[in-house]
Structure formats: structure tokens, C-alpha cells
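In case you want the letters, here they are:
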Amino acid sequence: MRYLPLNDADRAEMRDVIGINNIDDLFADVPKDALNPTLDLPSHQSEMAVERWLGALAAKNRTADDGPFFIGAGAYRHHVPATVDHIIQRSEFLTSYTPYQPEIAQGTLQYLFEFQTQVASLLGMEVANASMYDGSTACAEAALMAKRVTRRKKIILAGGLHPHYASVTRMNAELVGCEVIHAPANPLKNAEESDELAALIDDQTACVIVQNPDAFGHIADLTPLAEKAHATGALLVGVVTEVVSLGAIKSPGEMGADIVVAEGQSIGNSLNFGGPYVGLFATRQKYIRHMPGRLCGKTVDAEGKRGFVLTLSTREQHIRRDKATSNICTNSGLCALAFSIHMSLLGEKGLRTMATLSHEAAIETADAVAAVEGVELLNKSFFNEFTLRLPVEAEPIVEKLAAKNILAGVPGVRLWPEDDALQNLLIIAATETTNKQDIEALVRGLGEVL
Amino acid sequence: MSMNNQGRPTTPPSNETHCPPTHTGNKALQIEEALIFEQGDFVGTGVDFAPPKGLTPRLGGLARDAAMHLPGLSEPEAMRHYVRLSQKNYAIDMGPFPLGSCTMKHNPRLNEKMARLPGFAHIHPLQPTSTVQGALALIDVLASWLKELTGMPMVAMSPKAGAHGELCGMMAIKAALVARGEAETRVRVLAPESAHGTNPATAAQCGFKVDDIPADKTGRVDLQAFKKMLGPDVAAIMVTNPNTCGLFERDIRALADGVHEVGGYFYCDGANFNAIMGKVKPGALGIDAMHINLHKTFSTPHGGGGPGSGPTVLSEALAPYAPVPYVVKNADQYGLVEKRSQGAETSFGRMTAFHGQMGMFVRALSYMLSHGGDGLRQAAEDAVLNANYVRVLLAQEMSQAFAGPCMHECLFDDGFLKNSGVDTIDFAKAMIDEGYHPMTMYFPLVVHGAMLIEPTESESKEELDRFCNALLALAREAKRGNQEKFKGAPLHAPRRRLDETMAARKPELRWKPQTAEYLAAE
């Protein structure tokens, strides 16, 4: 077996040193009837054989590169420079562990410090952590953190919050005794939603969680909501599922949010059928001791040279056990590295261009499809994603277009299966990868199947 | 000194013992590297795009005007920055990484290649299921391997890491208690004091109160103490097996029976499954839930701290509460159950936005297929053999915490350093100078000055001999009272020992722009 260096002669010699006759002497504590069970599994295979088998499975999937592609709703197809994937495959990054021995992990620690700075700047906040599993779990952690900060238990979720984020957050918050109020999803507009949400805030409210742009693509000014929340001592949590949008629109931090969480996949990371992704988590300096997750901080070594270490670990499970801020024991290290490399290449200038190109692609797509008979565009404002109302249920339309090799977007039923009013909705995303031919194919396809 | 005929010396000058500082701070191949914020400017970029068309924006009047202070590096600058940073890291590909309970094994590059096939990497989680049949099949096949290896009927694939898998298992237990109408009365979770910190933290996150079970003098759960703690208010026990002392809980069936008799559930922490994969099916031992760290046992890379992946197997009793989404197979078609209303009414809900760590699934299955059932069993045996070989060799100079054989990791205490003036941390840091990553230190908490060594099956006998010889030499040196070498260690790493107290007392978690405006705001 190519991954195992020991041969039978080594094994025999080592058994002699240990003083056993049989390897199973080392498994003597295992109940006899449970040792060495029958395994209904195939035997080992060559690299070539494994590659063929997995290659055949991969070939059964229709990829984002195979034709026009307009799916978003929390994961976006962007172009990632070749440099990014090369660097993250360097052994010293790929095959290192959590930097618990900082003297021989300064590479990881320095990029985490840079990552935290990039994330805080991008999200418009003062500090960020070293990343979370993904945007949805970061959102749940934000709710739990708001509970700790305010010592209150009411969590309000905006109707425009991605329904999967809402599910994850609700479940985690209810487990620790929170009351969760979820405003109804309103695909038409979210400007009024701001007032409706504000009306739900009271002196028991820990936080209001609002996504911007929301799940339908609308962009809102969160400032009035932030003011209302702060007036009662509640926190505003801003959620961003398309982080590239922050290259074009005001960050939740600039609009008064106290915690901002985001899905960072769009920068540096592939679609990967949903994971691994990288959750971004940022807040104000005064709340750092309430933050979940790993933090990297600056310090000096015994010679006074600048260096970096994991810090504030007294919040974490390996020190605080059942009193920890979270049970989290990993960040999303390699995905955070990919994010940070891509962001270092883009810089503010590149990010703004990438955002502008994505926005322009969405404008062109929206105008083109809205001209199709029977199709209504529901957004006045949007970044790179918008919602259409079709004259018929959207899911069969999406299936028919998939048969024409067009991945047209996400039907409302996929995200809100219980809500009959949303069955005709189709949510469409465009990015800098979307070209004229893609848009023409979508318009032609929609015209044919509607 | 010999020279060639141009007068160029061809042998080094005689012994240079003195090591003067360099002007640059660099030390040959070790290059000091500034932060990106100190070298890039805020107007450059290393990515070329087509020019925008200048369309009128529809951003609702909320365009971002303020500066973001994000530097952009050209491609060669970026490449050099990250390569230099990488050279300050230790890695499995450089040498043994004997962190106990972390299972730092070889990461095959075939796995990386497979995960990057466009058919896996460039597919969206919300594509119509008809267009991702290969991906769903892969998840289903991986699930079947995990079920077969653990002897369990159900596996939840979506948890994003080991601790997330713990959360999944404990949420399933909570949901089962709710269904039984006992959520209000069963409020206690029992966990050994040797448990990973994630266990009590997870239980607390599910609203349970945690009580520590003491260890007996062999390093295992104290069965008598455990039995006394049982009662009708117990929701579950959380036990790691093999445990964090590297020992198999030989009373595991008694633990399972005990908790089941009082109506509770058995959560088994599967962090150390590498010791027993293919050798024992935990399902045969009476467990109800167990997470599996694909990034430990099944070789997906640790990547400097993630991403992980923590599929969680569930017993018949807990299977109805498994989280959505999950893959189902109808005739020849794979589908996804994504909502309770799709026939998953008893599911406790959703753990994450999408279907889990697909990229890790591909890598783990690639590893499993390569090994096969026979190779996985051999890997577990080799991991245990290597750990015991190290245990026996090191016991010549170091103090083994608990007598007798171990599983995949061997535990020492600091008894052998008594009166030497050298502490566990000094010993660990001296290993860095010898070219090795230290073992896990000061964990588990049940042993004083713990040193937990897990070599894994990836080390050759020759590598283990070199490793043990280095540690034995250090142990002898410590006993001889040569403190200086230890207290100053590491001397040869990119950094000397770092001041963690200062970092925590006055946390600086980011670089700050040096603009007048920003400085004024400070």
C-alpha cells in the first residue's frame, strides 16, 4: 500500500522491540467479539484506478464552465487567479496544523493577521476573527454572541435573510433558550421591511439580523434600523452572502452594524458544491472578548522581533470548556488563505472593478430577461442578483432550461418550499464571468420554454 | 584552506562558532517579510480585467465611497510574499508532526487532484439535482463506507468539522429527548475529565449542564464513579474512545449499558478513530452517535487549522432526527431532502447553508478507495504499532503516564524532568531546534505536564528511530541539568519564544492604516 512506509520485516522487528507476538496483542482491551469484524469493502487500488473511478463520477456532473450559468443564492462563480490555487497547495500551508507552536508557524499566523485586517476593512468593522466554517454558521454565532453581549434572548430575523441561514440560526439560538422571530419573506421590496422589523424591536431584543443585499437581491440602507436597535440596547447584525458586493455598496459596518458576518467563498474559493467555504466574522473592538472563533494577535519574541500568536484563547473551549464562547475548534484556514491571497492580488482597485463588472453583467442580464413576454423584474436596486416573477412555476422552467444546458438560477421553491406565494420566483445571479453569449442564451431559452 | 586556480576558496574557513547578526535581519534562506499593508499601495492591483462599460448603477444610492485600505500586490510580489511566509511553517511534508489527538498523517496529492476536477469543484450546491448526479453519488458512496466502518445505520454528512459533528450528535440527542417529552428533566451530560474541551463546550451549547467523570488510576473512566453519577436526569455521556490518554476504554460496553439503563444516550467522540478503523466497529459497542474527523482519520489536509469535516454516524434511535439536507436514492436517481416538509418531519433541522464539505468528501473517498478495507485496517494497525514502538523506546528515559500498551498515541508526564529545572514547554521548544514539531503538550489535563505523542502510520521505522534518538538525547541532557539549552529554546526557529501574555493583555488583532485621519481617531 503506497501510503504505508512499514514493510513486514519492519513490523516484525518492531513487534520484537515492543515484546509482542501479534499486532492484536495491542488491541487486548477491545471486546474479543468486536475485534477484526468482516468489512464489506473493496480492497486497495492503484492511483490510476482511483483516478478513473472518481473521474467518471465527476464527469456525470454539469459544471459551471459547461454553459450559461446564473446560479447564486449564497454561492457565486467568480474567476480565481491561478496563483491562488498554486500557493495554497504549498506543503507548508496545506500540511501544517493549527499554529499552536507559533515559533514554527509564523507563516500561517502572519497570513491570519493580514486576513483579519482585510476582513475588518472590507466589512467596515474594527476587528475580525480568523474565520468560521461558513456564512451560515457565522450568522448563528453572531446571534449567540449578541445574546452574550446584551444578556437578552430575543432574536429577530429579517424576512430577506437567506432561508438556510435563518434555519441554522434559529436552531442554534433556540437550543440555548432564545426566542426567535422570523419576519415573513417579502420578495417585492425591503424598504418597508425595515419599518416592520423596527416595530418588532423591544427592550428584550438581543439583535436584529438583516441581510444586505437580501436574498431577493434588494439593497437597503440599514442606518435607520441600526438607530432603532441601538435606541433599545439591541445589536444590529449585518449579513452579506455575496462578499464581492462590498466592492460596490456600503458595508453594514458603515451603516451602523455591531456585528457583520459574511460568506467569503466568492473571493479565492470555488463553488465546491457547497463547501468548504469561509465564514467572515467582524465586530467592534469593545466586543472582542465576546467573539467566537480563533484570533491571531501581534506580539514580540524573546529578542523583541515582531511576531504573531493565537490569542484571547481564554474564550475558547480548550481552556474554558463548558464556559467557552463557542465549541468551535477549527477555522477555515486554507480557505481563509485563498481569500487573503486573492484579496491581496485584487486590492481595493481590483475589487472595485470586479464588483462593477458583476453589477454591470447583472444589469444587462436583468434588462434582457425582463423584456421576455410575461417576465417581471421585481428589483429596483440590486448588486449582482435579482428576482424575476414568471407567469408559471419556476422550478419546471429551470429543469427545462437545464435540459438545454442553461443553469438559469434558483427557483423560489428550492429556498422557500412552504411558501406558495414564492413558487413563481426565479433568482438570477451574474458575475464578471457572465458574457454576452450567456445572456443571449438565457433570453432565448426563457422565450422557448415559457 | 584549499583554493582553485582563480584563488576562489573551495573549502569553508575553519570553525566559525560566532554568529553575528545580519544587516537585513534575514538569515540566508529565512527572509524577514513585511505585512502586505507595509509593501503594497492602495491603488495597485495584480488582477487584470476588461474595462467596465460605465452603465448607470442601480445600487439604490448606496455606493461605497470611502477608502477601504486594501493593498493590491502585483503577481510576482504576491507570489514572493506567500512563498516567504510559507517557509516559516513546519509541515507534515517536512517531517514527523507528532501532535497527539490530531492525527497528522500524510496527505496524498491524488486527493487534491481529484477534489479539483471541475465536475466536483465547479458545481453549485443549488443546481438542479438532475445535473449533479455524480456528486450525489459520491456523497452516498462515502456515506456507505462510513456506515460500514462504524457499523452504524445512518450518517449525517453536513457537519463542517469535528466540533460541529459533536453539535450534530448532541442536537440529535436533544431532539430525541424532546420527542420523548423528557427535554426538561434530562439536563445533565457526563464527560470524563480527560475529554477534549469541545465536549463540555458542545454540551453547554445544547443547553446541558456538564459533570466531569473522574479517571481511574489506569487512565480510563472510573466505572464505579460513573455508575454513582447516573440517574434519571442524565441525557447522555460523551466519551472519547480510544481516549485522550491513548487508551481503549475497556469498559465501553458497561458505559453504554449504564447510560442506556437510565434512559440516556451514548455520544462517542470519534477524534481518535484512526486507531481502530477496520479493527472495531463502534456500532458493536453500543454507541448512539459519533463524529468522524475526515481531516484526521481520512487524510484530508489540516491546512493550518481547517477546513475540517465531521460526518456524524447515528444509531437507529437517533436516525429519525438527522439533520437536513441528506441524499436519497430512488431507483437509479439520486435526490436531496432539503426541508422537513420533504418527508423529514422529525429532523432536528439544518446545520449549515448547504450539503457539507464536498471538497473534503472527495479527498476522503479518494483516500478510502486507495486503501481499501484491507489497507485501512493495516493503517490502523501500523498507527498503533508505531505508537507502541515510540512508547517503548522513549520509556528508556521518559516517564510513561500509564503502564501498559497504548493505542495510536503514547502519553508521558513530566516526572522524568523532576528537579531538572526543565518544564514540559521547555522540552517541547527544544524539539523545535532539533527539527521536530513538538508533541501535544499539557493535554490531557489528567496528567501533570502531559506530552502526548501520535506518530501515525505515515512514519517509517527509520524516521521513528531518528525521532526517538533525538528525544532520548534531549531527555538525558535535561537530566544532566543543562537548562540553558532548554530555557532559551527555540534558538534556530524563525522566531524565538513569543510573548503570549502581552498579546492577550493588549490585543492587537489587525494592522491599522497610518493615515492622519485614522491616527486622530485612535
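Since the model is a prediction, treat every value here as computed from it, not as a measurement.

Participant: Would you mind going over unusual backbone geometry with me for this structure?
Facilitator: Most peptide bonds adopt trans geometry, and most residues besides glycine take a negative phi value. In this model, Asn 212 of chain A is joined to Pro 213 of chain A through a cis peptide bond whose omega is -10 degrees. One can find Pro 213 of chain A in the loop between β4 (205-211) and α9 (223-231). The linkage connecting Asn 241 of chain B with the following residue, Pro 242 of chain B, adopts the cis geometry, with an omega of -10 degrees. Mapped onto the elements, Pro 242 of chain B comes out in the loop between β4 (234-240) and α9 (252-261). Residues other than glycine seldom take positive phi values, yet Ser 131 of chain A does so here, at roughly 105 degrees. Note on placement: Ser 131 of chain A falls in the loop between β1 (127-128) and α6 (135-150).

Participant: I keep staring at the packing of helix α2 (residues 47-58) of chain A against helix α5 (residues 133-150) of chain B and nothing clicks. Help me out?
Facilitator: For any two helices packed against each other, the geometry comes down to the angle between their axes and how far apart the axes lie. Axis separation between α2 of chain A and α5 of chain B bottoms out at 7 Å; the angle between their running directions is 130 degrees. One finds that α2 of chain A runs oblique with respect to α5 of chain B. Between α2 of chain A and α5 of chain B, the contacting residues are Trp 53, Leu 54 and Leu 57 of chain A on the first element and Gly 134, Ala 137, Leu 138 and Val 141 of chain B on the second. The residue inventory of the contact of α2 of chain A with α5 of chain B, partitioned by class, reads six nonpolar, one polar and no charged.

Participant: When you look at the interface of chain A and chain B in this model, what are you seeing that I'm missing?
Facilitator: Interfaces are often described in size by the accessible area the parts lose on coming together. Chain A puts 197 residues into the contact, and the matching count from chain B is 209 residues. Broken down residue by residue, the surface that chain A buries against chain B is led by Phe 273, Arg 321 and Arg 414 of chain A, which jointly contribute 6%. Linking chain A with chain B are 17 salt bridges, by the criterion used here. Residues Lys 298 of chain A and Glu 508 of chain B are paired through a salt bridge, measuring 3.3 Å at the closest nitrogen-oxygen approach. The tally of links from chain A across to chain B stands at 107 residue pairs in polar contact (both at pLDDT 80 or more).

Participant: Can you walk me through the pattern of salt bridges in this structure?
Facilitator: Note on pairing: side chains with opposite charge can pair once their charged atoms come close. All names here are of chain B. Throughout the structure, instances matching the rule amount to 50 salt bridges over all chains. Across the pair Glu 148 and Lys 281 runs a salt bridge, and its minimum N-O distance is 3.1 Å. Highlighted residues: Glu 148 in helix α5 and Lys 281 in the loop between β5 (265-269) and β6 (289-291), separated in sequence by 133 residues. Neither residue differs from the other here; Glu 148 and Lys 281 are each classed as buried. In this structure, the salt-bridge partner of Arg 466 is Glu 463, at a minimum N-O distance of 3.3 Å.

Participant: I keep staring at the pairing of strand β2 (residues 188-192) of chain B and nothing clicks. Help me out?
Facilitator: Strand residues, when the strand is regular, have side chains that alternate between the two faces of the sheet. All names here are of chain B. In terms of residue burial, β2 counts as a mostly covered element, since five of its five residues are buried. Side chains Arg 188, Leu 190 and Pro 192 project from β2 onto one buried face, and the interleaved Val 189 and Ala 191 project onto a second face that is buried too. Both β2 and strand β3 (residues 209-213) contribute to a ladder of five bridges, which runs parallel. Across the sheet, residue Arg 188 finds its bridge partner in β3, namely Lys 209. Where the polypeptide runs from β2 across helix α7 (residues 198-205) and back to β3, its parallel neighbour, the crossover connection is right-handed. Pairing of β2 with β4, which is carried by three bridges, proceeds in the parallel orientation. Across the sheet, Val 189 pairs through a bridge with Ala 236, a residue of β4.

Cut-off values and rules
- Residues numbered from 1 in each chain as written.
- Chains lettered and ligands numbered in written order.
- Predicted model: local features only at pLDDT ≥ 70, side-chain atom pairs only at ≥ 80, totals over all residues.
- Heavy atoms only, no water.
- Helix = DSSP H or I, 4+ residues; strand = E, 2+ residues; numbered from the N terminus.
- Axes fitted to C-alpha atoms, helices over the stretch in contact; angles between N-to-C directions.
- Parallel < 35°, antiparallel > 145°, perpendicular 65-115°, else oblique.
- Contact = heavy atoms within 4.5 Å.
- Nonpolar A, V, L, I, M, F, W, Y, C, P; charged D, E, K, R; others polar.
- Buried area = accessible area lost by both parts, 1.4 Å probe.
- Salt bridge = Lys/Arg side-chain N within 4 Å of Asp/Glu carboxyl O.
- Polar contact = N/O pair within 3.5 Å; in protein donor to acceptor, adjacent residues only side chain to side chain.
- Buried < 20%, exposed > 50% of the residue type's maximum accessible area, 1.4 Å probe, protein only.
- Pairing = 2+ DSSP bridges.
- Right-handed = clockwise from strand over helix to strand, strands pointing away.

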